[in-house]
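A closer look at the structure
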Amino acid sequence: MLNMPYKALIITLLLFAIKDDDSLLPQNGKELIYEIYNRYSGKFFKTLSFSQHLIRYEKNMELSREIMHEAYAVPGKLILKFKSWESGDGVLFRSDSIYSFMNGKMVSQEKRIHDLLLLCFDIYNIAPDVTIQKLRMLNYNLDLIQKIKQNGVEMYLIGDVNENCFWFDAKSLMLKKLQVKNTNRARTVKLSDFKIINSIPIATKIEFFDSGNNLEMVEMYFDVTPFRELNDNIFIPANFIQSKW
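Keep in mind that what you see is a predicted model, and the values were worked out from it rather than measured. (Residues numbered from 1 in each chain as written. Predicted model: local features only at pLDDT ≥ 70, side-chain atom pairs only at ≥ 80, totals over all residues. Heavy atoms only, no water.)

**Things to note about the overall build of the chain**
- Secondary structure assignment for the chain yields 4 helices and 13 strands.
- Put simply, the chain has 245 residues, and 45% of those count as buried.
- In the chain, 46% of the contacts between residues at least 6 apart in sequence involve partners at least 24 apart.
- A total accessible area of about 13500 Å² is found for the chain, and carbon and sulfur atoms account for 52% of it. (Helix = DSSP H or I, 4+ residues; strand = E, 2+ residues; numbered from the N terminus. Buried < 20%, exposed > 50% of the residue type's maximum accessible area, 1.4 Å probe, protein only. Contact = heavy atoms within 4.5 Å. Areas by Shrake-Rupley, 256 points an atom, 1.4 Å probe, with all protein chains shown as cover.)

**A short note on the packing of helix H2 (residues 29-40) against helix H4 (residues 128-137)**
- Look at H2 against H4: their axes get within 9 Å of each other, and the N-to-C directions meet at 140 degrees. Relative to H4, the element H2 lies oblique. In the packing of H2 onto H4, the handedness of the crossing is right-handed. In contact with Lys 30, Ile 33, Tyr 34 and Tyr 37 of H2, H4 contributes Pro 128, Asp 129, Thr 131, Ile 132, Leu 135 and Arg 136.
- Its residues assigned to classes, the contact of H2 with H4 shows 6 nonpolar, 1 polar and 3 charged. (Axes fitted to C-alpha atoms, helices over the stretch in contact; angles between N-to-C directions. Parallel < 35°, antiparallel > 145°, perpendicular 65-115°, else oblique. Left-handed = near helix turned anticlockwise from the far one by under 90°. Nonpolar A, V, L, I, M, F, W, Y, C, P; charged D, E, K, R; others polar.)

**Observations regarding the pattern of salt bridges**
- Within the structure shown, the criterion is met by 8 salt bridges.
- Residues Arg 65 and Glu 62 are paired through a salt bridge, measuring 3.0 Å at the closest nitrogen-oxygen approach.
- Residue classification places Glu 62 among the partly exposed positions, given a relative accessible area of 44%.
- Between Arg 94 and Asp 232 there is a salt bridge, and its shortest N-O distance comes to 3.7 Å. Placement of the pair is Arg 94 in strand E4 (residues 90-94) and Asp 232 in the segment after strand E13 (215-226), with a sequence separation of 138 residues.
- Note on Asp 232: relative accessible area 33%, which makes it partly exposed.
- What emerges from the salt-bridge pattern is a single network uniting Lys 77, Arg 94 and Asp 232. (Salt bridge = Lys/Arg side-chain N within 4 Å of Asp/Glu carboxyl O.)

**Focus: unusual backbone geometry**
- In this structure, the amide linkage connecting Val 74 to the following residue, Pro 75, adopts the cis form with an omega of 0 degrees.
- Relative to the assigned elements, Pro 75 resides in the loop between strand E2 (61-73) and strand E3 (77-81).
- A positive phi angle, near 55 degrees, is found at Asp 96, a position not held by glycine.
- Mapped onto the elements, Asp 96 comes out in the loop between E4 and strand E5 (97-102).
- Phi is positive for Leu 173, which is not a glycine, with a value near 60 degrees.
- Positionally, Leu 173 belongs in the loop between strand E9 (165-169) and strand E10 (175-180).

**Here's the deal with the nonpolar core**
- Among the nonpolar cores identified, the biggest contains 51 residues, and Phe 166 and Phe 168 are the most heavily contacted of them.
- Setting aside residues no more than four positions away along its own chain, Phe 166 makes contact with Leu 119, Leu 135, Tyr 140, Leu 142, Tyr 156, Leu 157, Ile 158, Leu 175, Lys 177 and Leu 178.
- With 11 residues, the next largest nonpolar core counts Ile 79, Leu 230, Ile 234 and Phe 235 among its residues. (Core = buried A, V, L, I, M, F, W, Y, C linked by side-chain atoms within 4.5 Å.)

**Topic: the confidence of the model for the chain**
- Confidence in the prediction for the chain averages 92 pLDDT; 91% of positions are at 70 or higher.
- Low confidence marks residues 11-20, where pLDDT is under 50. Its contacts with residues over four positions away, or in another chain, come to 0 contacts. (pLDDT = per-residue confidence, 0-100.)

**Considerations on the side chain of Asn 28**
- Here Asn 28 lies in the loop between helix H1 (4-23) and H2.
- By relative accessible area, which is 16% here, Asn 28 ends up buried.
- Within the structure, the side chain of Asn 28 is placed 3.1 Å from the backbone nitrogen of Lys 30, a separation counted as a polar contact.
- Setting aside its immediate chain neighbours within four residues, Asn 28 contacts Leu 142, Asp 143 and Ile 145. (Polar contact = N/O pair within 3.5 Å; in protein donor to acceptor, adjacent residues only side chain to side chain.)

So, in structure tokens, the structure goes:
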């Protein structure tokens, strides 16, 4: 048996190791954003195309179902074609603005930082300081971070759980959940059914809940193609009606 001095030494070393290990964890949201970027920089896709089944709900009952087509390119460019390629209905995100189209004509334009687009895609590709600045503009408190476990999965919770906040998987560093409370777009978004495509985990199911936690919409993705060669012209508002990929 070990005598007391040796036992004390071993306990001290173990405690030091545990403390040292904890010190390696991100101490705030800013450090986590740098860790996410450093993990995937140069590896994460800069373009992506996919289609989706969009299911809308009302009072927990299916209201409608349609197919949409989308394409993404860094930084922050996303085009969505509603119903069909020829419908002329959809939206376009570019340069922190959203453009809405109906019957091929632009019906509205407004400034908007797309937080889901930022945290799902851009965070892995753009400079961390840019991501941090945009999240602060969206009122996410990046000084707050917790490591928690939900349904057996360890996650980082960034922000105040009673305000705007988001959760990242502690292992994969993929966005798992997003909560927005202080705008007229109050909602909770949950990402699941991650598939490994070209060595990158990609969520193929996203659920949207309103401020009362009622299911509003489910997006289920198919034909997911990362690293797709995309012409930048499809992200120009004037080209929306004829844009195809």
